[in-house]
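Topology and contacts: notes
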Amino acid sequence: MEWAKLKNFIILVLLMVNGFLLVLVWSRREESVRYERLALEQTAQVLERGGIQVELSALPELDGLAPLAAERDVEREARLVRALLGEEVQGDNRGGGLYLYRSGAGEVSVRTGGELSAELSGSAGQDTDRPERHAAGLLKKMGVEAEQAGVTEEEGETRVRFRQLWNGVPVFSCEVEFAYGGGSLRRVQGSLLMAGSGTAEAGGMLTLPTALMRFSEEIAASGDVCSAIRSMEPGYRGTAQSLSGGVRLTPVWLVDTDTGSFYLDGTSGALTRLDDQGK
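Residues numbered from 1 in each chain as written. Predicted model: local features only at pLDDT ≥ 70, side-chain atom pairs only at ≥ 80, totals over all residues. Heavy atoms only, no water.

1. Points about the pattern of salt bridges
The full count for this structure, using the stated rule, is 14 salt bridges. Between Glu155 and Arg159 there is a salt bridge, with its nearest N and O atoms 3.6 Å apart. With a relative accessible area of 74%, Glu155 lands in the exposed category. Given the relative accessible area of 12%, Arg159 is considered buried. Note that Glu217 is salt-bridged to Arg214, the shortest N-O span being 3.7 Å. With a gap of three residues between them, Glu217 and Arg214 both fall in helix α4 (residues 208–222), about one helical turn apart. Owing to a relative accessible area of 26%, Arg214 belongs among the partly exposed residues under this scheme. Through salt bridges with shared partners, a single ionic network connects Glu154, Glu155, Glu157, Arg159 and Arg187. (Salt bridge = Lys/Arg side-chain N within 4 Å of Asp/Glu carboxyl O. Buried < 20%, exposed > 50% of the residue type's maximum accessible area, 1.4 Å probe, protein only. Helix = DSSP H or I, 4+ residues; strand = E, 2+ residues; numbered from the N terminus.)

This is the structure we're talking about:
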């Protein structure tokens, strides 16, 4: 009986200790959030005194991306090709990281870094009266996570663009366009990263306050101008590292301003206007 009472007492003490630790961790987290918010507000005030208005409500919470290294996955690439050309496909390694795939349904070329181009024939079986849904379904079959980036009507075609996501985070350098004409998919062009899970590399992403200050410094140094930051979106840009298909994903901020959009390198702080390098 005494042991039962002692055991209950020990359990009670442990519950009280756990509860205390939980409250302590939560309070420290809340304190950290307050400090981060204060730092962001103070940084915004500094920029505003320098003539750049910052809309704090338009800034995201995610700012902890790390550089990643990813290798070309031929099995995932084959899945992409089959989604477009069917099961009976012949592959040809042309060297230099270029693979060419053919079937009676058309031809697909894939280069190092994910650059791809597909020309499909009328026998491809890619008929649809709903291009947006059809393109989304093809990406799902390929095993690619993506978000729709736009739809345009050009030269009698419906062109649907998607931007790839990596674990929910946009890869700004990987966009693909599906061109439909006469109720059928005719062409696919763009870049898709067909790789397995990435390996984290050394380094981390600049915090929002630091990124804002670097943006202000880089704008001034380049002689460019802007008077308002409308939004900052964190994401990745991919760079091919080898002919075998290795890709480095560098964290970046996509900064939208009143005078244009910029990439701010999330590790070095280097600034690039989109007009200079595009996606």
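2. Brief notes about the environment of Lys141
As for its position among the elements, Lys141 is in helix α3 (residues 131–142). For Lys141, the residues in contact, after removing those within four places along its chain, are Arg79 and Ala83. (Contact = heavy atoms within 4.5 Å.)

3. Comments concerning empty space enclosed by the protein
The tally for this structure, following the rule as stated, stands at one cavity of 30 Å³ or more. A volume near 60 Å³ is recorded for the largest cavity. Considering the residues around the largest cavity, the lining is formed by eleven residues, among which Arg72, Glu77, Gly113, Gly114 and Met194 are closest to the centre. The residue makeup of the lining of the largest cavity, split by class, is five nonpolar, three polar and three charged. (1 Å grid on protein atoms, 1.4 Å probe; cavity = no way out; pocket = protein on both sides within 12 Å on 5 of 7 lines; lining within 4 Å. Points joined across faces, edges and corners; volume = space filled by probe spheres on them. Nonpolar A, V, L, I, M, F, W, Y, C, P; charged D, E, K, R; others polar.)

4. Side note on the pairing of strand β6 (residues 115–120)
Two faces make up the sheet, and in a regular strand the side chains alternate between them. Residues Leu116, Ala118 and Leu120 line the buried face of β6, whereas the alternating positions Glu115, Ser117 and Glu119 sit on a face that is not buried. Pairing geometry for strand β5 (residues 106–110) and β6, over five bridges, is antiparallel. Note on β6: the bridge partner recorded for Gly106 is Leu120. The hairpin turn running from β5 into β6, its antiparallel successor, is four residues long, and Gly113 in that turn takes a positive phi close to 90 degrees. Taken together, the five bridges between β6 and strand β10 (residues 184–191) define a ladder with antiparallel strand orientation. Paired with Ala118 across the bridge in β10 is Val188. (Pairing = 2+ DSSP bridges.)

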